[in-house]
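# Fold and geometry: a report
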Amino acid sequence: MPSIKLQISDGEIFEVDVEIAKQSVTIMIMLEDLGMDDEGDDDPVPLPNVSAAILKKVAEWYTHHKDDPPPPEDDESKEKQTDDIPVWDQEFLKVDQGTPFELILAANYLDIKDLLNVTCKTVVNMIKGKTPEEIHKTFNIKINFTE
Amino acid sequence: MAESLPLEMLTYILSFLPLSDQKEASLVSRAWYCAAQNALRESLGLRGISCISLTNLDGSLASHKVLQSVAYHLGPHLQSLCLGGGSPTEASFVALILGCPTLRILDLSGCNSLFTSGMLLAQPETAQSVRQALSGLRELSLAGLRDLADLSFNRLSSCAPSLERLSLAYCHLTFELSLVRGSIGSQDASPSQFSFHNLLRFVKERAGRLHALDLSGTGLPPEALQALGQVAGLHLQELSLHNCRDLSTEAVATLCRQQPGLTSLDLSGCSELTDGALLAVSRGLRHLRHLGLGKLQRLTDVGCTALGALRELQSLNMAECCLVSGRELAQTLGSVHGSPPHLTSLSLAYCSSLKSHLELEHRASDLKDPCPEPQGPSLLMLQALQELDLTACSKLTDASLAKVLQFPQLRQLSLSLLPALTDMGLVAVARGCPSLERLALSHCSHLSDEGWAQAASSWPRLQHLNLSSCSQLTEQTLDAIRQACRQLRVLDVAMCPGINMAAVRHFQAQLPQVSCIQSRFVGGADLTLTL
């Protein structure tokens, strides 16, 4: 399968399947802008905002989900649900405190809507039902109302 | 780590939370507070809150803060805003409006405080910004503003270029008759008076868009109505002239010629009008859907003869037309081929001449026929009727009511102040009108528990019931109603001597969803005044 090279924040170069890479709207746009085709030149696509660990996680997530059917159109007027996270994703996202946020940032930057929604919902489920003090503890946030 | 999230991401995350969790989240840190506010703003917009009514505003700081919050949270999606009856300050009003770019309906009735100084929108920059905000405004109510003047009206109306509906009900219009008849003239806009001359100029300017006008209670004289009706390019659809007591029959006839496209006309309380007015309306306004003729005490049966020509009529209000006996009305409304099929709302309240025999009832050839097949003109033809008001039509007999009131879609019925109504009539009405949701039977002193025992089960959809002053009813009726009318919300048993407070409390305990029970002076209460 053809693959493309992605150069991440610390300069390291990753090779990823084109199909997986193209799930990211950002990468897809970059590929089109840079005039690369499926075969790929050897020039890597720069992704300075993404670290190695996160990119690995993203790729892992997409390998699992690449055969998923496309999601239905977002109904803006409905209440957003958070109880529909698939079991595999729940296990996948049982990680240390910082990773869900990094995944959120990466999913947002790479514009992968499904991953973004799943990670956001996971974080939301960590917030639901908590008092502000409990939220402080969970996410290790400094209290800074005086600033 | 959570701190490094940009505001939009945090807002997106928090927008998944239900409202109570958003509140907790807003207390976590300053960044989370801002994100929660944004998320709230978005979700309020998505929830489609597009109409808001804020009464009792004043110049206090609390009111100002309320207006600020409304502008911030709801402003972007707000379509309809009612400040009626309050006294907001000019500054807070302008601040609010500037936050509502999608406003289509604005109700400032009674907000006299905005017009007292006469300086509202006097600053050109302010006016310019407000004009941008109100560019989509379609409907404006300036009813009941005693300080409204030409200048302030002009400034406000020029900020609403797309206006289609305007109410100036009960505003103090001044009429200079010579100018009405003559040319536009060079009279300047007055800072202290609201002149008809200025209004006419406005209507001429906006003739292409304006289609609904409310000039109730302005004392409009016939010449002014004529001047309005003949404005070039004006095609009114709705016109309300409620309580314009100076209007003459000729003026109405002229109006019908000038504005044949009217779909809604309210002439209630224009006490000078005679039968000729109604005849002119019936023949000239073919598309009329809503007609108000309340309190026209000179109308007789003659005026009603042409009503059948109004084929699109949906609602007719002839309350207090006490000379109408109903003969022609039944003829024209009830005849098989001539009846307006769409009539859903009919009010004949206080039509004290309304007679029953041979007028409202069908001519049954034989008593053997159980199904009321109408043989002649009859109100029974009005099968689409949903609202009917026969309050105080004291000449109607019990038998005729029983026969006539067979309307399967009727939702609202008033038979208050009909002393002739007995249990037999009540039961017949119940069987004939099973879809009733609102029923008024106040002062029906012949109704008893036996009648209700049979009738209640026919009204499972009843929500509002008025039984005040029904002197024979006791708690047995309350029991019957409690068992049959499970959707009841409002009950009035005031001044029923046979029902006591204990029964009322028992009833309320059994049907907790009844939100309002009127029980003033129920059984045993001492009605003698002690001075």
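None of these values were measured; they are calculated from a predicted model.

Our focus in this paragraph is the overall build of chain B. The number of helices and strands found in chain B is 19 helices and 19 strands. When the accessible surface of chain B is totalled, it reaches about 22700 Å², and 52% of it is carbon and sulfur.

All right, on to the overall build of chain A then. Regarding its fold elements, chain A presents 7 helices and 3 strands. Each helix and strand of chain A, ordered N terminal to C terminal, gives the series β-β-α-α-β-α-α-α-α-α. In chain A, which comprises 147 residues, the share counted as buried stands at 39%. Taking all contacts inside chain A whose residues are at least 6 apart in sequence as the whole, residues at least 24 apart take part in 63%. In the structure as shown, chain A presents an accessible area of about 8700 Å², 50% of it carried by carbon and sulfur atoms.

Residues and elements named next belong to chain B. Within the secondary structure, L220 sits in the loop between β8 (212–214) and α10 (222–229). Under the relative-accessibility criterion, L220 is labelled buried at 0%. Separated by 26 residues in the primary sequence, L220 and D246 place their C-alpha atoms 6.6 Å from one another. Among residues more than four places away in sequence, those in contact with L220 are F175, F196, L215, L225, L241, C244, D246 and L247.

With that out of the way, let us pick up the packing of aromatic side chains. The full count for this structure, using the stated rule, is 7 aromatic pairs over all chains. Here a set of aromatic residues connected by ring pairs shows up, and it is made of F101(A), F139(A) and W32(B).

On to the domain arrangement of chain B. Once the domains are mapped, chain B shows domain 1 (1–47) and domain 2 (383–530). Spacing between the C-alpha centres of domain 1 of chain B and domain 2 of chain B amounts to 52 Å.

Our next topic: the sheet that holds strand β1 (residues 3–7) of chain A. Residues and elements named next belong to chain A. Taking strand neighbours across the sheet as the criterion, the 3 strands line up as β2-β1-β3 in an open arrangement whose pairing is mixed. At either end of the open sheet lies a strand with only one pairing partner, and these are β2 (13–17) and β3 (45–46). The pairing of β1 with β3 spans 2 bridges and is parallel. Following the sheet pairing, L6 is matched in β3 by V45.

On to the UniProt feature "domain: F-box/LRR-repeat protein 15-like leucin rich repeat" (unreviewed entry) in chain B. Per the UniProt record, "domain: F-box/LRR-repeat protein 15-like leucin rich repeat" (unreviewed entry) is annotated on residues 382–507 of chain B. For residues 382–507 of chain B, the end-to-end C-alpha separation is 36 Å, with 33% helix and 12% strand making up the annotated structure.

Another aspect to go through is the side chain of N154(B). For N154(B), the position within the fold is in helix α7 (residues 150–158). Setting aside residues no more than four positions away along its own chain, N154(B) makes contact with A189(B), N198(B) and R201(B).

Another point: the side chain of T477(B). Residue and element names in this part refer to chain B. Position of T477 among the secondary structure elements: in helix α18 (residues 475–484). Residue classification places T477 among the buried positions, given a relative accessible area of 1%. Among the polar contacts listed, one links the side chain of T477 to the side chain of D449, at a separation of 2.4 Å. Leave out the neighbours within four places in its chain, and T477 touches D449, W452 and L467.

Turning to the pairing of β1(A), a few remarks are in order. Residues and elements named next belong to chain A. Residue alternation in β1 divides its side chains into a buried set, I4 and L6, and an unburied set, S3, K5 and Q7. Where β1 and β2 come together, 5 bridges link them in antiparallel fashion. Considered in β2, the bridge of L6 is made with F14. The antiparallel pairing of β1 with β2 creates a hairpin that spans 5 residues between the two strands, and G11 there sits at a positive phi of about 95 degrees.

What follows is about the pattern of salt bridges. Pairing is possible between side chains of opposite charge, provided their charged atoms come close. Residues and elements named next belong to chain B. A full pass over the atoms with the stated rule returns 7 salt bridges over all chains. The partner of E205 in a salt bridge is R201, and the shortest N-O contact between them spans 2.9 Å. With E205 and R201 both in helix α9 (residues 196–205) and 4 residues apart, this pair spans about one turn of that helix. We classify E205 as exposed; its relative accessible area is 52%.

Residues and elements named next belong to chain B. Confidence along chain B averages 86 in pLDDT terms, with 89% of residues attaining 70 or more. Confidence drops under pLDDT 50 across residues 357–375; counting only partners more than four residues distant or on other chains, this segment forms 31 contacts. For this predicted complex, the interface confidence comes out at an ipTM of 0.82, alongside a pTM of 0.72.

Before going further, it helps to examine the nonpolar core. With 149 residues, the main nonpolar core has L142(B), L291(B), M318(B) and W452(B) as its most contacted residues. Looking at this core, the element that brings in the most residues is α9(B), giving 5 residues. In this view, W452(B) contacts L426(B), L439(B), L441(B), L447(B), W459(B), L465(B), L467(B), L473(B), T477(B), A480(B) and I481(B); residues no more than four positions away in its chain are not counted. Counting 53 residues, the second largest nonpolar core, distinct from the first, contains I27(A), L55(A), A106(A) and A25(B).

Residues and elements named next belong to chain B. Contact pair α7 / α9: the axes reach a minimum separation of 10 Å and the direction vectors enclose 15 degrees. Judged by the inter-axis angle, α7 sits roughly parallel to α9. Like other packed secondary-structure pairs, α7 and α9 cross with a definite hand, here right-handed. On the side of α7, the interface is formed by D150, F153, N154 and S157, while α9 contributes N198, L199, R201 and F202. Classifying every residue of the contact of α7 with α9 gives 3 nonpolar, 3 polar and 2 charged.

For α7(B), a buried count of 7 out of 9 residues is recorded, marking the element as mostly surrounded by other parts of the structure. D150(B), S152(B), F153(B), N154(B), R155(B), L156(B) and S157(B) are the residues of α7(B) that are buried.

On to the packing of helix α6 (residues 113–127) of chain A against helix α1 (residues 7–14) of chain B. Interhelical geometry of α6(A) versus α1(B) gives an angle of 70 degrees and a closest axis separation of 9 Å. Here α1(B) runs roughly perpendicular to α6(A), going by the angle between their axes. Helix-helix and strand crossings are classified by hand; for α6(A) and α1(B) the assignment is right-handed. In contact with L116(A), N117(A), C120(A), V123(A), V124(A) and I127(A) of α6(A), α1(B) contributes M9(B), Y12(B), I13(B) and L14(B). Residues that form the contact of α6(A) with α1(B) fall into these classes: 9 nonpolar, 1 polar and no charged.

What counts, and at which threshold
- Residues numbered from 1 in each chain as written.
- Chains lettered and ligands numbered in written order.
- Predicted model: local features only at pLDDT ≥ 70, side-chain atom pairs only at ≥ 80, totals over all residues.
- Heavy atoms only, no water.
- Helix = DSSP H or I, 4+ residues; strand = E, 2+ residues; numbered from the N terminus.
- Areas by Shrake-Rupley, 256 points an atom, 1.4 Å probe, with all protein chains shown as cover.
- Buried < 20%, exposed > 50% of the residue type's maximum accessible area, 1.4 Å probe, protein only.
- Contact = heavy atoms within 4.5 Å.
- Phe/Tyr/Trp six-rings, centres within 6.5 Å; stacked < 30°, edge-to-face > 60°.
- Domains from an automatic or database assignment.
- Pairing = 2+ DSSP bridges.
- UniProt positions renumbered as here; feature names shortened; annotations may be inferred.
- Polar contact = N/O pair within 3.5 Å; in protein donor to acceptor, adjacent residues only side chain to side chain.
- Salt bridge = Lys/Arg side-chain N within 4 Å of Asp/Glu carboxyl O.
- pLDDT = per-residue confidence, 0-100.
- Core = buried A, V, L, I, M, F, W, Y, C linked by side-chain atoms within 4.5 Å.
- Axes fitted to C-alpha atoms, helices over the stretch in contact; angles between N-to-C directions.
- Parallel < 35°, antiparallel > 145°, perpendicular 65-115°, else oblique.
- Left-handed = near helix turned anticlockwise from the far one by under 90°.
- Nonpolar A, V, L, I, M, F, W, Y, C, P; charged D, E, K, R; others polar.

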